[in-house]
Each structure stands twice: as C-alpha cells, then as structure tokens.
Amino acid sequence: MKPTRLDTKAADATCPAHAQADHPKIPKEKIGVLLANLGTPDGTDYWSMRRYLNEFLSDKRVIDYPRWQWQPILQGIVLSVRPSKSGAAYRSIWNEEADESPLMTITKDQVAAIKSRISAVYGDEVVVDFCMRYGNPSTKSKVAALTAQGCTKILFFPLYPQYAGATTATANDQFFRALMEENWQPASRTVPPYFEDPTYIDALAQSVENAYEGADKKPDILICSYHGLPERYLKVGGDPYHCQCRKTTRLLKERLGWNDTQIMTTFQSKFGPEEWLQPYTVEEVARQAEAGRKSIAVCAPAFSADCIETLEEINEEIRESFEHAGGEDFLYIPCLNDEPAHIDALVGVIERNLQGWV
C-alpha cells in the first residue's frame with residue numbers, strides 16, 4: 001500500500017531524527033495554488049459529450065429540480081439528443097492541433113503564465129496547477145497531486161469573477177469533497193469573487209479600448225453578455241450573481257468614462273422552460289439592430305477564458321441574431337484569456353490571498 005502523507009508527516013512532526021531507515025522520503029512543505037474552471041469534454045464524439053453533460057447537468061447547483069423529477073428527463077431525452085448537438089458546436093471551435101477545447105488550451109496558457117510569475121517571486125515554495133469542475137483534470141486528482149508534492153496549504157481559486165451558486169459554489173463544493181479524501185487535510189482557503197477588483201476592471205477596459213481602436217467602425221453600443229441563471233435563483237435563493245454582474249458593467253463604464261447609452265448588461269445561455277435573468281442577449285442584439293444600431297460590440301466579462309459560450313454562442317448564434325435583424329457590424333471582444341493585464345490581475349488576487357502563508 002502506498003504510504004500516505006499522514007504517515008510521513010506524523011513521523012516527521014514527532015521524531016524526524018529517529019525515523020526508521022525504511023521510512024518513506026518526506027517531501028519539502030509547500031503551498032499549492034489550484035485554479036479551477038468549469039470544464040470541458042475530452043472529445044466531441046457522442047459518448048465523450050454524454051459523459052461530460054451527464055456530470056454537468058446532474059449537479060444540483062446547476063439544475064436544482066428534485067432528482068426524481070429531473071433525472072428521468074436528463075437520462076432520457078436530454079442525453080439522447082443534446083450530446084450530438086453539443087458535439088457539433090464543439091467541433092466548430094475545437095483546437096484540432098492539440099485535440100482539445102479552446103478552454104483547455106487557454107487555461108493551460110494562463111497557468112503557465114501565472115506559474116512563471118509566481119515562481120519568479122517564491123521559487124518552488126508555491127506550486128501552481130489547475131483543475132476542472134467537470135471532466136478532466138478533475139479536482140480530486142489535482143488535490144491529491146498537490147498533497148503528494150508536500151502541499152500542506154492549498155489556495156483554491158475558482159476562475160469566476162462574479163459569484164454564483166452554479167459556478168463558484170459548486171467548484172468549492174468539489175474542492176471540499178476532494179479534501180475529504182485526504183488522510184491529512186491541508187489547510188485551505190478559497191478565493192472570493194473579484195468582480196470589482198480594480199486590476200480586473202482595468203484589464204477589461206483595456207481589452208475594450210484595444211478592440212475599439214482596431215475596429216473599422218466604432219460600435220454604437222457595447223453589450224456586456226454574462227452567462228445567465230434562472231431568475232428564481234436570485235428571487236428565492238438570494239444569489240448575488242445578478243447584482244455583481246451589473247456592478248462589473250457599471251465599474252467598466254466608469255473606467256471607460258462612458259455614459260449609460262454606450263453600454264448595457266445582458267444574459268445568455270438560457271436553458272429550460274422557466275424565466276432566466278434578463279434581458280436575454282440573443283433577443284437584445286436583435287432589438288438593437290431593429291432600433292437602428294447597426295454596429296455593436298459584445299464582450300463576456302463573466303468568462304475568464306474563451307469557451308463554447310463565447311466562441312460558438314456569442315460569435316456565431318448571437319451574431320446571426322443581430323445580422324438577421326438588420327445589423328451590419330458585429331464585433332466580438334475576446335475574453336481576457338492570457339493577456340498580460342489579465343495575468344497581472346490574477347496574480348494580484350493570488351498574492352493577496354496568500355498573505356500570512358508566504
């Protein structure tokens with residue numbers, strides 16, 4: 001049986017000078033930083049998509065209907081039809097060279113940049129890695145890997161600027177479940193939402209300014225499109241997501257020095273029959289075109305990396321809605337991804353949350 005960290009740490013803590021000759025090698029104590037994003041299927045084929053969607057849509061934080069009510073629908077019609085449709089959407093944006101989704105590619109690039117910055121300051125004292133809430137690499141596997149490397153403290157960082165039960169909370173849930181698997185649990189911290197962090201807002205503003213500067217025609221309005229949630233989550237559950245999204249837009253507007261007519265908040269990705277947070281992006285871009293605004297820009301401040309919801313939904317489906325309603329110039333402003341200003345913001349958040357540990 002593989003020795004556990006409990007065995008090695010207990011021996012080291014009590015009598016390191018008198019450890020048995022055959023005692024396992026004790027790793028140097030380190031601090032782990034584990035970044036987490038939503039997740040990605042392993043491939044675009046039916047079964048890869050079905051596994052991914054089953055895990056995602058079975059999460060009670062995402063779909064909170066009673067299990068007896070939801071699971072027959074999910075295991076029946078939803079997982080019979082949706083994997084093929086979602087697979088086709090993923091194929092339209094898939095990174096064929098690396099055989100992975102853009103979210104995976106971008107997350108790897110982000111982590112490499114963050115690692116470089118952190119190691120330049122802290123050397124090998126701080127270990128940076130990433131996991132996905134759904135799919136691979138799993139949170140459980142990465143927590144185990146960090147503890148095996150000697151991480152006695154872990155900072156868990158869900159890469160969602162705005163807090164929502166269906167994003168930040170479920171990522172934290174999975175992290176805590178992973179800690180339950182450890183015989184010797186590392187001390188842990190979770191990073192709070194950073195939707196109003198000045199460096200994050202400044203990075204957003206820079207991305208907008210750069211996009212407008214390079215545009216052939218200045219957009220009439222900027223649509224800040226956030227991933228949606230059922231309206232009930234706000235009104236019944238008190239989820240702060242809606243308010244935090246609107247504050248992000250307001251702070252971005254103030255940083256850009258704009259007025260209310262130049263920017264607005266919308267919500268995308270509605271799923272199911274009930275009302276979600278409104279206005280819906282796909283409908284609002286059409287209204288803007290019908291009202292005579294022929295040139296618009298769309299950004300996605302709730303996403304730390306471009307993914308299916310931005311590259312396919314915004315840049316294809318929502319663009320089509322705008323153009324079908326008479327719109328002419330549609331500018332999609334990419335997510336912050338591994339832009340230097342974004343990496344600066346993320347590293348700043350990490351360093352503030354490591355205070356007292358390093």
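All figures in this text were calculated on a predicted structure; none of them were measured in a lab.

(A) Expanded view of helix H6 (residues 165-180). The buried fraction of H6 amounts to 12 of the 16 residues, a majority that puts the element mostly inside the structure. Looking only at H6, the buried set comprises Gly165, Ala166, Thr167, Thr168, Ala169, Thr170, Ala171, Asn172, Asp173, Phe175, Ala178 and Leu179. The inward-facing, buried residues of H6 abut strand S2 (126-135), helix H5 (139-148), strand S3 (151-158) and strand S4 (187-190).

(B) Quick peek at the pattern of salt bridges. Counting across every chain of the model gives 19 salt bridges. When the shortest N-O distance is used, the salt bridge between Lys140 and Glu181 registers 3.9 Å. One end of the pair, Lys140, is in helix H5; the other, Glu181, is in the loop between H6 and S4, with 41 residues separating them in the sequence. Judged by its relative accessible area of 49%, Lys140 is partly exposed. Between Lys235 and Glu231 there is a salt bridge, with the nearest N and O atoms lying 3.4 Å from each other. Here the residue Lys235 and the residue Glu231 both occupy positions in helix H8 (residues 231-235), the gap between them amounting to four residues, near one helical turn.

(C) Quick peek at the side chain of Thr248. Locating Thr248 in the fold gives a position in helix H9 (residues 241-256). Of the residues examined, Thr248 reaches a relative accessible area of 0% and is grouped as buried. Setting aside residues no more than four positions away along its own chain, Thr248 makes contact with Gln162, Phe195, Tyr200, Ile201, Leu204, Tyr226 and Pro301.

Quick notes on the rules
Residues numbered from 1 in each chain as written. Predicted model: local features only at pLDDT ≥ 70, side-chain atom pairs only at ≥ 80, totals over all residues. Heavy atoms only, no water. Buried < 20%, exposed > 50% of the residue type's maximum accessible area, 1.4 Å probe, protein only. Helix = DSSP H or I, 4+ residues; strand = E, 2+ residues; numbered from the N terminus. Contact = heavy atoms within 4.5 Å. Salt bridge = Lys/Arg side-chain N within 4 Å of Asp/Glu carboxyl O.

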